[in-house]
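Observations on chain architecture
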Amino acid sequence: MIDTSGPHSGASFWLDVVDRVIKFLALLVGAAWTWMHYARSRTYAQKLELELDGQVFFNKELYLEVVLKLKNLGAARHPVQELGTSCSVWAISRGLAETPILGTSVFQMEEWIEPNESINDSKVFRIDHPIEEIVWLKISLRVESEGREWNLTRHIRVEIVDEARGEA
Amino acid sequence: MSVISNGRPVRKEVTEQVEQMKKDWDEKKRKMAEEYKQKTSSLASVDVAQSH
């Protein structure tokens, strides 16, 4: 049987207490650091990469081809929502006035995007607007999901407008 | 051209605006398809009339 009633038994007890307190504090600091790292890195927050490319061409009338890409850079599954998600086009005239031309749903074939997955969509439109008035087309991709929205806008110069004006 | 973002809180007025643009475009597409159908059928009638 071990005798614990020696002169150092009190010191041993307090050393044990201090050891436990230090371990507990280290655990708290570690948890706080992990939480801070998790919160600041927003690993599971929705993070998207939006990509938009557009091209106009003239064949008796003005057409617009749009290629859209969406990539989920977050670590959680991202739902694709039709409400509020769209590709919209405006005509910009010489006076820089913007006229809404169209808006259409995009990525309708998808219900969600897995982490690191990307989805694509492609649309072709006939621009039903007096071609002599158009200098740029403004294309906007808007993605809406679970109370948040993402936007990307691009302007396409309608270079062919002078040539087309003679034929229109 | 691409952008990476965590997004921003939804602006409901923009949601309503884009949904209205979608409805307008669907209606416009329907009219354009009807016009095209009428145009092509009238052209076919002309072809038939000319061939006789």
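Just so you know, these numbers come straight off a predicted model, no measurement behind them. (Residues numbered from 1 in each chain as written. Chains lettered and ligands numbered in written order. Predicted model: local features only at pLDDT ≥ 70, side-chain atom pairs only at ≥ 80, totals over all residues.)

As for the overall build of chain A
Of regular secondary structure, chain A possesses 2 helices and 9 strands. Listed by position from the N terminus, the elements making up chain A come as α-β-β-β-β-β-β-β-β-β-α. (Helix = DSSP H or I, 4+ residues; strand = E, 2+ residues; numbered from the N terminus.)

A few points about the nonpolar core
By size, the foremost hydrophobic cluster in this structure holds 29 residues, and its most contacted members are Leu50, Leu70, Val89 and Leu137 of chain A. Elements with a minimum of two residues in this core: β1 (48-59), β2 (61-72), β4 (86-92), β5 (98-104), β8 (136-145) and β9 (148-157) of chain A together with α1 (12-51) of chain B. Counting residues per element, this core draws most heavily on β2 of chain A, at 5 residues. (Core = buried A, V, L, I, M, F, W, Y, C linked by C-beta atoms within 7 Å. Buried ≥ 20, exposed ≤ 12 C-beta atoms within 10 Å, placed from the backbone.)

Remarks on the environment of valine 124 of chain A
Residue and element names in this part refer to chain A. For valine 124, the position within the fold is in strand β7 (residues 118-126). The spatial distance from the C-alpha of valine 124 to the C-alpha of valine 56 is 9.6 Å, given a sequence separation of 68 residues. Excluding anything up to four places from it in sequence, valine 124 contacts Tyr63 and Glu65. (Contact = placed C-beta atoms within 7 Å.)

Comments concerning the domain arrangement of chain A
A common way to state how big an interface is: give the accessible area lost once the parts meet. Along its sequence, chain A is organised into domain 1 (1-41) and domain 2 (48-167). One C-alpha centre belongs to domain 1 of chain A, the other to domain 2 of chain A; they are set 59 Å apart. (Domains from an automatic or database assignment.)

Some words on the interface of chain B and chain A
Contacts between chain B and chain A engage 19 residues on the former and 29 residues on the latter. Those elements that place two or more of their residues in the side of chain B that touches chain A are β1 (2-5), β2 (8-9) and α1 of chain B. With 8 residues, the top contributor of residues to the side of chain B that touches chain A is α1 of chain B. Partitioning the side of chain B that touches chain A into residue classes produces 9 nonpolar, 5 polar and 5 charged. (Nonpolar A, V, L, I, M, F, W, Y, C, P; charged D, E, K, R; others polar.)

Notes on the sheet that holds β1 of chain B
Taken in spatial order, the 4 strands make up an open sheet running β7(A)-β2(A)-β1(A)-β1(B), and their pairing is antiparallel. Looking at strand neighbours, the two that pair on one side only are β7 of chain A together with β1 of chain B, the edges of this open sheet. Strand-to-strand twist across the sheet, computed as the mean angle between neighbouring axes with direction ignored, equals 15°. One ladder, built from 4 bridges, connects β1 of chain A with β1 of chain B; its direction is antiparallel. Note on β1 of chain B: the bridge partner recorded for leucine 50 of chain A is valine 3 of chain B. (Pairing = 2+ DSSP bridges. Axes fitted to C-alpha atoms, helices over the stretch in contact; angles between N-to-C directions.)

Observations regarding the pairing of β9 of chain A
Taken residue by residue, a regular strand's side chains alternate between the two faces of the sheet. Pairing geometry for β8 of chain A and β9 of chain A, over 10 bridges, is antiparallel. Each residue of the ladder has a partner; that of valine 143 of chain A, found in β9 of chain A, is tryptophan 150 of chain A. As consecutive antiparallel partners, β8 of chain A and β9 of chain A are separated by 2 residues, and within that stretch glutamate 146 of chain A has a phi angle of approximately 45°, a positive value. Relative to β2 of chain B, β9 of chain A runs antiparallel, the two being bridged by 2 bridges. For glutamate 149 of chain A, the partnering residue across the bridge sits in β2 of chain B and is arginine 8 of chain B.

Quick look at the environment of leucine 64 of chain A
All names here are of chain A. Tracing the backbone through its elements, the reader meets leucine 64 in strand β2. Using a count of 20 C-beta atoms within 10 Å as the deciding quantity, one classes leucine 64 as buried. Counting along the chain gives 34 residues from leucine 64 to glutamate 98, while the straight-line C-alpha distance between them is 17 Å.

Some words on the sheet that holds β4 of chain A
Strand order across the open sheet formed by 5 strands is β5(A)-β4(A)-β8(A)-β9(A)-β2(B), with antiparallel pairing between neighbours. Across the chains shown, the open sheet's two edge strands, defined by having one partner strand only, are β5 of chain A together with β2 of chain B. Bridge count between β4 of chain A and β5 of chain A: 6 bridges; the pairing is antiparallel. Across the sheet, residue cysteine 87 of chain A finds its bridge partner in β5 of chain A, namely threonine 104 of chain A.

Considering helix α1 (residues 9-41) of chain A
Residue and element names in this part refer to chain A. Its 33 residues give α1 an end-to-end C-alpha distance of 48 Å, which sits within 8% of 48 Å, the value for a rise of 1.5 Å per residue. Burial runs low along α1: only 0 of the 33 residues are buried. Just beyond α1, the residue with positive phi is arginine 42, at close to 50°. (Expected span 1.5 Å × (residues − 1).)

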